[in-house]
Every structure is written in C-alpha cells, then in structure tokens.
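Observations on the three-dimensional arrangement
So the chains spell out like this:
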Amino acid sequence: MKNIIVVGSGVMGRGIAYVSAIGGFTVSLVDVNEKALESAKNELNLIFAKGLERGKISPELEQQAKTNLSYLSDLPKACSEADLIIEAVPEKAEIKKQVFETMEQYAPEHCLFATNTSTMSPTEIASYGKRADRTIAMHFFNPVHKMPLVEIVRGLETSDETAETIKKVAEQMGKETVVINEFPGFVTSRISCLVGNEAFYMLQEGLGTPEDIDKAIKLGLNFPMGPFELVDLVGLDARLNNLRYLHEKLGEKYRPAPLLEQYVKAGRLGRKVGKGVYDYSKKEELVKK
Ligand SMILES: NC(=O)c1ccc[n+]([C@@H]2O[C@H](COP(=O)([O-])OP(=O)(O)OC[C@H]3O[C@@H](n4cnc5c(N)ncnc54)[C@H](O)[C@@H]3O)[C@@H](O)[C@H]2O)c1
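In the nomenclature of an unreviewed UniProt entry, the chain is known as 3-hydroxybutyryl-CoA dehydrogenase of Neobacillus kokaensis. According to the UniProt record, the Sequence similarities (unreviewed entry) comment for the chain reads "Belongs to the 3-hydroxyacyl-CoA dehydrogenase family." Taken from UniProt, the Pathway (unreviewed entry) comment for the chain reads in full: "Lipid metabolism; butanoate metabolism."

So, in structure tokens, the structure goes:
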C-alpha cells in the first residue's frame, strides 16, 4: 500500500489527505473545483505550520509529507496508479455514484475503495463500483488531524482481507479504529445526529439561547463541545443531509428540525461560510478555538 487518492478536498478530504501524507503515503487530493483545491492547500499549509510549531511533527516529516502530497483536478488520471481511493464528496447518492463509476473505470484491479460517508450504506455505495469485496467505509471525524477515531464499516460483501488492510492503513495514519457492520448511521452519526437535531428543536421551542444550550450540554453532561458548536464545525448542510437519510431509513425520531432546514435555506452553513448558529465574524473567540 503506497498510493492513496482522496476524492473531494472539502472539510473532510483535506484532513484525510493530511493524515495520509503524515502516515507516509503518497497522496493525491482530487477535486472538480479548483477553488476548493486552492483553499485545501492553504489550510493544509497552516496545519503543517502549526504541527511544526507545536512540535507534533519534525521538520523532516513536514518536508517529506509536503513532497508526497499533490493537488489534482483530473480524477481518471489520479486513479490510474492508486492502491486505495478514499471518497469524500458530498453526502448525495448521485454524486457518490458518479465518482465510484469513474473510480471503477480507471483504478487498477487491486485498488481498494473506501467511502467517508457519515450515514449512507457502504453496501449500496459498493454497488456503484464492481468490487464489493474490496470496498468499505472509513468514517473519519472532524477535524481529521485531531480526532483519534476511524470508524471502519464493513458492507455486506467486504472481505476480511480488505477490513484488515484498512485497519492497518488507519493505524499508520495514527488513528484508533473500531470495525463494525453496516447499519444506517453506524454508531457515531446515529447518536450525534439525534443529539444535534434535538438541540435545534429546543432552540426552536425557545428553551434557551444557543450559548445556554451548549453550556448546559458541555458542563452538565461533560461533552467536549456543545451541539451548536459541533454542527457549525460539521456544516449545517452536511448535518441536514445526514438527518434526511436517517429519517428515511430509521423513521420519525430523525425528522430534521424545521429550524435547521431554515438555517440551511438562509445559507447559514457553519464555520466554512463564517455563519451558522453562531456568527463568526463577531465571535472571534469561537473562531480561534
Ligand atoms: N463535515 C463533517 O464533519 C463530516 C464528518 C464525517 C464524514 N463526513 C462525510 O464526508 C463526506 C464529505 O463531506 P464534507 O463535509 O467534506 O463535504 P464538503 O462539501 O466540505 O466537500 C466536498 C468536496 O467534494 C467536491 N466534489 C463534489 N463533486 C466532486 C466530484 N465529482 N469529484 C471530485 N470532487 C467533488 C466539492 O467540490 C467539495 O470540495 C460526506 O459524505 C460527509 O457526510 C463529513
């Protein structure tokens, strides 16, 4: 296992490319959007610089990882020498399908496919390619360079060999793993979506301000972040997509809160656009965290 391709250079893809490069792999980060690639490169350079400054990586490792990391817009070309392709495009079946069909067409036979989906079925995603035994979900967490876990989710036909290899790859990226079987929402998204959605219902009902609700959850329940701080980091659009999927698969308890839908319609998508539940142009202290 040497060459990793990460498809999608958004919130997650850029982080996955970073931990892959730090783990010693040769990495190509691919996106259809040149601006997203540019923004990924700038953010990763900042993360490298902070890692150096804080002594988390050595100057040699930084140099090596940067040399091993390239930014591309041509997916078919990138696929041709891949040993593992990790897909991190938006949580929409039609986009993932198109990407997996391209991967299947251009990747070598031995190449493993992984999806970073938060909620969708790895079995269904595997059906978009033709190598279900070599396809699996690698669910990373945001921010990828800080969060210790990769939730590895086997689809119906994922082979033991694929699961073993992916576990080793995640460990080489410096991550802890759990290997579980597929069910909508896995372990983490199922709980996180429920808590996050309930917080929007509370806000909608006028129970308290976002600050009050976040403080109660953090100090009363010992959560490291409040649900609104977290959803601003995750992206309100990403959370809404996840909730819609879980609502369809698991029923009423996942019906997205109307207030969340309204925020998304208003373009309040979270930190990535400067405003979500909180307004980051005014809340400097939250931006710096
Ligand atoms: N945001 C989170 O906190 C989080 C956490 C865990 C998992 N996920 C999952 O990770 C995946 C990506 O989420 P994100 O938040 O990084 O999304 P994002 O919107 O930040 O980034 C997606 C990127 O994919 C690119 N893209 C779209 N179509 C493409 C194509 N055909 N080829 C190449 N690139 C393409 C877009 O230009 C964009 O840069 C989703 O499945 C999501 O559910 C997200």
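Now that the structure has been shown, the text picks up again.
Observations regarding the pairing of strand E6 (residues 135-139)
Most of E6 sits inside the fold, with 5 of its 5 residues counted as buried. Burial of E6 is two-sided: the residues Thr 135, Ala 137 and His 139 facing one way and the residues Ile 136 and Met 138 facing the other way are all buried. Pairing between strand E5 (residues 112-115) and E6: 3 bridges, direction parallel. Its bridge partner lying in E6, Thr 115 is registered against Ala 137.

Some remarks on the site of the ligand
Taken together, 24 residues lie near the ligand, and Met 12, Asp 31, Glu 91, Lys 96 and Ser 118 sit nearest. Separating an oxygen atom of the ligand from a side-chain N or O atom of Asp 31 is a distance of 2.7 Å. Asn 142 is positioned with one of its side-chain polar atoms (N or O) 3.2 Å from an oxygen atom of the ligand. If the ligand stood free it would expose 830 Å²; the protein chains cover 87% of that surface. Of all the elements in the fold, those that place two or more residues in the shell around the ligand are helix H1 (11-22) and helix H5 (93-106).

Reading guide: rules and limits
Residues numbered from 1 in each chain as written. Predicted model: local features only at pLDDT ≥ 70, side-chain atom pairs only at ≥ 80, totals over all residues. Heavy atoms only, no water. UniProt positions renumbered as here; feature names shortened; annotations may be inferred. Buried < 20%, exposed > 50% of the residue type's maximum accessible area, 1.4 Å probe, protein only. Helix = DSSP H or I, 4+ residues; strand = E, 2+ residues; numbered from the N terminus. Pairing = 2+ DSSP bridges. Near = heavy atom within 4 Å. Polar contact = N/O pair within 3.5 Å; in protein donor to acceptor, adjacent residues only side chain to side chain. Areas by Shrake-Rupley, 256 points an atom, 1.4 Å probe, with all protein chains shown as cover.

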